[in-house]
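Observations on the model geometry
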Amino acid sequence: MDLAHRLFTQKKFNEASQQISTLLEKTSGNNKKIVKLKSHLALCDYMKTGCTQPEEYLETLNGIAKQFSKDLTTADLGYVIYNQAIVNYQLKRYQRAATQLESLRKNVGSLDPYLGFEATYLLLKLSIENNHISQSNELISLIENQFFQTNTKNNQKNSGLQTRNQNKNRQRLLMLKIKLSLCCSEHNKAELFLNQLQEIKNRNLQQQKENQIEKLNGKELLKENLCLNMMRCKIENSKMNLEEAKNNLWGLSKMVGNLKTEERDQSEFWSSFYNNLGCVELKNNKPGSALFYFKKALLANSQICKNEKTVNNFSKDKRSEIMYNTGLCLILLEKPQNAFQFFQGALVCLYNRPKVWIRLAECCLLEHFRLIKDKEQVGSLNRLVKKVIGQGQSRTVILQTGIGPNDGLNIHEESVSFEDIVSSNVGDLQFHGIPVQSMSLDYASKAASNSILISEKLLKIINNQNQKTSTTSNNNKNSKIDENNKTQKNEFKNGNDNKNENGIEKQKNKEKTNINHTNLNALKNGKTNIDLDNLSKNDQSLKQDLEHGLLLLSYISLCCQNPVTALSSAKMLLNYNPDPYREYLANIYAAEACCLLNNPNLAKEYISQTLQKRRYQVEKLFKGPKNLKIMSPKEYESDWSDCVTLLNLAFVLILQNDIQTASEYIKQASRMFPNSPLVLLSCVYLELSNGNNQNALELLKSCHAFYPLENSQK
Amino acid sequence: MNSFLQLEELTKLQKLLRDESTAFLHLVRKVTQNFSNEQHFSVCSVLTIMLRDDLLTREERIVALFILLHLSPLGPELTNDEQEQEQEQNQNKKNPQSSPVVLPPFLPVLLNIAQNNQKFNETQFEALFVTIGLKDPNSDLFKLRPNQIGVNNIERLKKYFPESSKLNLQAIFTKFSQIESKIPLVNKMGIGCSISDPEKGKESKKNVEDFIQYQLNNDEFKPSFVRPSPSILQILDNELIWIDYEDETLLPIWDQTITNVQPNNDQFKNLMKKAFTSQLSQLEQQQIILRLENEPKLLEESGITPNNFQGLVEKNPIISFEILKRFSEDEEKINIYLESFIKTNVTLHSMEVINKLSGARKKLNKDFLNRFVSNCISSCGEISDKYVQGRHVRLVCAFIRSLMNNSQLDVKNMFSELQRFCVKFSRIREASNLFRLIKNQMK
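Residues numbered from 1 in each chain as written. Chains lettered and ligands numbered in written order. Predicted model: local features only at pLDDT ≥ 70, side-chain atom pairs only at ≥ 80, totals over all residues. Heavy atoms only, no water.

As annotated in an unreviewed UniProt entry, chain B is CCR4-NOT transcription complex subunit 11 from Anaeramoeba flamelloides.

Cut-off, in case you're wondering: UniProt positions are given in the numbering used here, feature names are shortened, and annotations may be inferred rather than shown by experiment.
Per an unreviewed UniProt entry, chain A goes by Ccr4-not transcription complex subunit 10 and derives from Anaeramoeba flamelloides. A UniProt comment under Sequence similarities (unreviewed entry) is attached to chain A, and it reads "Belongs to the CNOT10 family."

Here you go:
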């Protein structure tokens, strides 16, 4: 066996494979040994193909695990399970990898220490990547207690090799600690860890020089250096020292640029370099220049994809991440159509993040707003006159013929042909295998639903973790019942019928569909069963995602003339105690849905709630990033929100034939915004209902938006 | 464009209508030869008027209907099945300018005739003819000449009725009405959507006012619910994805424990050997404990003796406690090992092990315990450094209290010794507290 291992480390996989096969023939009865021999054989075969057949390898490992699961414990099958997890991790099937690693973590005490560390380390890495802060903290303390001795004197007594391994592992753990600290926005802590890491590395270098043993080669040293410096840039970036971060990044680029290595070896660096530079620029409110760098990052990244299709290259391919950043950039540049395509591309790997779905829904909405705005501009908000053409005697007025509620984005989805999927152009870049759906309100509603489902699921996990630490066994029973219910409802509104080039994406789609439809009934009833009061600062953004998803769903449902979903999602949102801005909008949407469902009394109740809490500090909430000029600011002034409330209340009263009270509200609104077309229309209606047609006409004439003739004369 | 034909052209058309010797399909060719594409609309208009006003003979009517059928075919919106239609719509949506919804203008005339199949014999024949024409424009029927059909012979005509045709006339009617409903009312009424500028003269201004009045009276200004749109979610700093440059490549790992798979206990023995001289990691300690739990007999191979046991106590107290626990059934053996505690100096770890043992075991050897406690007490006096002594006294006090709580220590037997100890170190709070506790117990 030692010989086989030696052959394996010398990358003589064929010989190693033969050696193991002969050993396997001789072995019988000892299950543990058979498992190990078989898994080694599978590993040799996998390496022989240059890691290009991950599915086959996984299948073999699955077979081994299934065959021996009855006779052997999880600890005995530890290496098999770990290797499955690592391949799944490289294939970006993070959920599956996490489940496998979790089973190893439970048995960490009975695992071989080397395996135990590697499994816990990978699980930690995964949990940091998924922003599971509390779990990550738990894992760090587990690693520190289990695998690192606190007594330094004893360390010195250990064998040299073990100490070196531990030293290396300590560095790896420190790197993850830095990442975790940055996730929690604890910059100082991150800096402290980074300095520690730098110190250890310096000490090691000095020791290596003194002892002249096991020197790292230049390439490895450079990689270590780059990795460390890139992390320093990340810290500077999160500390908002943008200029410094940028300068450091350029410094790194010079270092790599001077190297005489093959371009494909550098592409991994360049893709991360340009992406990170784009992030700095975007933070610096320069979306145009950020877009330029993101595109460069995508080009560099495509070099990685062009290399051999190995699992390693696949795991290095950060297309989804860069595309997501590019999408954000395009939103800021008010190009929702392009942004939509990039977010679709990001979905391939980031389908488990609620924000991607939210952004997709928002792209559809922004396009919807744009189309409506275009139409309004053509008609100048005029419901009768569309256009005035010609001059003098030949001047002609074109009447409006088709403005209605279905204006804007299409409600229904359009099916996309396979050819469109295969050769979709995103901007001036061409990608293959990106699922591109058409923009529609239906798709927006599905995306919003998905964001709700995912954020709800993640919040439930966090909730359960919090409960575990603080509650009695009774609560655990309840959560088990919940989980059983969850598994019964396996539904996921998948907006993509992905047709990808290879099996890797296909598998991911399967995972995608495995996201449980956790709270379908709750959505129908507008009730929630998640306790959101005890969330940590980091989990608050998840809560925000959930609330925003519900708000979007409610709005989109109204646009799609689906008042039932609009009402239930608004109700659910109100149950989560949202911030005043979302509470205000949720009440308005719920009220409109009630009107559509012919329940003006309930609508009045919802609107009254917004009136009771008048003078929201909406300006503060609507501020957002400086670059966002998507909404007209007037719409979000607090006075305007009051005016909207008054007009809507008047509308409900008109529905109830209480014109007199309605007129009071409309008058109040007209005092606030006398020139607003919406207010004027309501005033015109009032005059008409009082039989003052002439007054109504005069009112209409006074507003150029309705009577462009006068306006054009001016 | 004039929608009517000139006299010359009308004569040509009449000739065609009366031509009974040419097969229907050839007639089409003649029509296209005699009339340009632009004139087709006029031809159809004239034919429609002639049909409506009953200006033609029955034979001529059939020919006229045939020409209408061929010059005004069904559009793809009406003929395609649903799937095809969807595809068509999708294409239209992609290129909205390419094909606006246009209905064949003379289709209503043909559809009306096709519907009238129950009135009279005459119209029944025409209805059947039109239906065949709509369903199967290339029917064999049209290879015949008009005089071959026989205008009254419905049975003969029925032979040509295409049973297999997918075309459903009822569906066409429904689709037609659906498409028709999308056309703005102004267009349907035939009113042009442009009017001359009312500002040109007072009279025309009045027209606009009238128009607005009309709109007002028709509830056009009824207010609608104001729906403010949500803003986009703020892009937070951590939303942008920073790509870390990784210096490590994770690969599947080779199980190097393969040679140790056969449990030859070497690993355990080595660990135990190490445990006597150095502190083990938590994981290593767990491994030993786990092995001992699974294979208690391994204890015999562990190489442990009363002589090296103290080393284990000092380096790995948890393991030594576990071992003592396993010895506890053998009274003789445990006493031998406990004796080693008496022989050596009292330390924090030795107290910790005995304390744990006192909690786990029902009753410890009284004699041993008394001797160990008096050792502990005397060890306090041996320390010269006051600070270290104070700390040690505190630990001893806590140890004695714990033994008393576990009802392991017989206070009566040791009262005088304990009292002396407490009085000696009365400056330390823990000692005076202990004294109070002992006194209370004595009462």
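Section: the overall build of chain B
Selection rule: Working definition: helices are DSSP H or I runs of at least four residues, strands are E runs of at least two. Numbering for both runs from the N terminus. A simple rule labels every residue: compare its accessible area, found with a 1.4 Å probe on the protein chains alone, to the largest value its type can have, and call it buried under 20%, exposed over 50%, or partly exposed in between. Should any heavy atoms of two residues lie within 4.5 Å, those residues are counted as being in contact. Surface accessibility follows the Shrake-Rupley procedure with a 1.4 Å probe radius. Residue values consider only the protein chains on display as shielding.
Looking only at helices and strands, chain B features 24 helices and one strand. Out of the 443 residues in chain B, the part that is buried amounts to 44%. The long-range share in chain B, meaning contacts at least 24 apart out of those at least 6 apart in sequence, stands at 70%. Carbon together with sulfur atoms contributes 47% to the accessible area of chain B, which is approximately 24600 Å² in total.

Re the overall build of chain A
In terms of helices and strands, chain A carries 34 helices and four strands. Counting the 714 residues in chain A, one finds 53% classified as buried. Here the analysis covers contacts within chain A between residues at least 6 apart in sequence; of these, 66% occur between residues at least 24 apart. Summed over all atoms, the accessible surface of chain A reaches about 32600 Å², with 47% contributed by carbon and sulfur.

Regarding the packing of helix 5 (residues 78-90) of chain A against helix 7 (residues 113-129) of chain A
Residue and element names in this part refer to chain A. What counts, and what does not: Orientation is described by lines fitted to C-alpha atoms, with helices fitted over the stretch in contact, and by angles between N-to-C directions that extend from 0 to 180 degrees. Should an angle lie under 35 degrees it is considered roughly parallel, over 145 roughly antiparallel, and from 65 to 115 roughly perpendicular; all remaining angles are considered oblique. It is the rotation of the near helix from the far one that decides the hand of a crossing: anticlockwise by less than a right angle makes it left-handed, clockwise makes it right-handed. Each residue is assigned to one class: nonpolar for Ala, Val, Leu, Ile, Met, Phe, Trp, Tyr, Cys and Pro, charged for Asp, Glu, Lys and Arg, and polar for all the others, Gly among them.
At a minimum axis distance of 11 Å, the contact between helix 5 and helix 7 shows a crossing angle of 30°. When the interaxial angle is binned, helix 5 and helix 7 end up roughly parallel. Seen from above, helix 5 lies across helix 7 with left-handed handedness. Of the residues in helix 7, those touching helix 5 at Gly78, Tyr79, Tyr82, Ile86 and Tyr89 are Tyr114, Leu115, Glu118, Ala119, Leu122, Lys125, Leu126 and Glu129. Class assignment of the residues belonging to the contact of helix 5 with helix 7 gives a composition of nine nonpolar, one polar and three charged.

Remarks on the packing of aromatic side chains
Cut-off, in case you're wondering: Each pair of aromatic rings taken from Phe, Tyr and Trp, with Trp reduced to its six-membered ring, is defined by centres within 6.5 Å and is described as stacked if the planes are under 30 degrees apart, edge-to-face if over 60, and tilted in the remaining cases.
A complete count under the given rule lists 31 aromatic pairs over all chains for this structure. Ring centres 5.8 Å apart and planes at 15° place the aromatic pair Phe269 of chain A and Phe273 of chain A in the stacked group. With Phe269 of chain A and Phe273 of chain A both in helix 14 (residues 263-283) and four residues apart, this pair spans about one turn of that helix. Take Phe269 of chain A: its relative accessible area is 1%, and that puts it in the buried class. Judged by relative accessible area, Phe273 of chain A falls into the buried class, the value being 0%. Taken together, a centroid distance of 5.5 Å and an interplanar angle of 80° make the contact between Phe340 of chain A and Tyr443 of chain A edge-to-face. With Phe340 of chain A in helix 18 (residues 336-350) and Tyr443 of chain A in helix 21 (residues 441-470), this pair connects stretches of sequence that are 103 residues apart. Relative accessible area serves as the criterion here: at 1%, Phe340 of chain A is assigned to the buried category. On the basis of relative accessible area, Tyr443 of chain A is assigned to the buried category, the value being 0%. Taken together, the aromatic side chains of Trp250, Phe269, Trp270, Phe273, Tyr274, Phe292 and Tyr293 of chain A together with Tyr245 of chain B make up a single cluster linked through ring pairs.

Points about the nonpolar core
Going by this rule: Residues belong to a common nonpolar core when they are buried Ala, Val, Leu, Ile, Met, Phe, Trp, Tyr or Cys residues joined through side-chain atoms within 4.5 Å.
One finds Ile178, Phe269 and Ile556 of chain A to be the most contacted residues of the largest nonpolar core, which totals 132 residues. If near-sequence neighbours (up to four positions away) are discounted, Ile556 of chain A is found in contact with Ala361, Leu365, Leu441, Ala444, Ser445 and Ala448 of chain A.

A closer look at the side chain of Thr120 of chain A
Residues and elements named next belong to chain A. Using the following cut-off: Counting of polar contacts relies on pairs of N or O atoms within 3.5 Å, with two restrictions inside protein: one atom must be capable of donating a hydrogen and the other of accepting it, and residues adjacent in sequence are counted only when both atoms are side-chain atoms.
Among the secondary structure elements, Thr120 is positioned in helix 7. Relative accessible area serves as the criterion here: at 1%, Thr120 is assigned to the buried category. Polar side-chain contacts of Thr120 include one of 2.5 Å to the backbone oxygen of Gly116.

Some thoughts on unusual backbone geometry
Residue and element names in this part refer to chain A. You will see that Cys51, though not glycine, has its phi angle at about 60°, which is positive. The topology assignment puts Cys51 in the loop between helix 3 (31-48) and helix 4 (54-68). Of the residues examined, Cys51 reaches a relative accessible area of 8% and is grouped as buried.

Thoughts on the side chain of Glu547 of chain A
Within the fold, Glu547 of chain A resides in helix 25 (residues 540-559). For Glu547 of chain A, a relative accessible area of 4% puts it in the buried group.

Structural notes on helix 27 (residues 580-596) of chain A
All names here are of chain A. Note the following rule: Under the convention used throughout, the expected extent of a helix is 1.5 Å for every residue step, that is, one less than its residue count.
Between its first and last C-alpha, helix 27 extends 24 Å over 17 residues, near the 24 Å set by a 1.5 Å rise per residue. With respect to burial, helix 27 is a largely interior element, 15 of its 17 residues being buried. Just past helix 27, the residue Asn598 takes up positive phi, approximately 60°.

Thoughts on the packing of helix 2 (residues 24-34) of chain B against helix 4 (residues 58-71) of chain B
Residues and elements named next belong to chain B. At a minimum axis distance of 10 Å, the contact between helix 2 and helix 4 shows a crossing angle of 65°. The angle between the axes of helix 2 and helix 4 places the two elements in the roughly perpendicular class. For helix 2 against helix 4, the interelement crossing comes out right-handed. Only Ile62, Val63, Phe66, Ile67, His70 and Leu71 of helix 4 make contact with helix 2, whose side of the interface consists of Phe24, Leu25, Leu27, Val28 and Val31. When its residues are assigned to classes, the contact of helix 2 with helix 4 shows ten nonpolar, one polar and no charged.

Quick notes on helix 8 (residues 133-147) of chain A
For helix 8 of chain A, which comprises 15 residues, the first-to-last C-alpha distance of 21 Å matches the rise-based estimate of 21 Å (1.5 Å per residue) to within 8%. Taken as a whole, helix 8 of chain A has its buried residues at Ile133, Gln135, Ser136, Leu139, Ile140, Leu142, Ile143, Gln146 and Phe147 of chain A.

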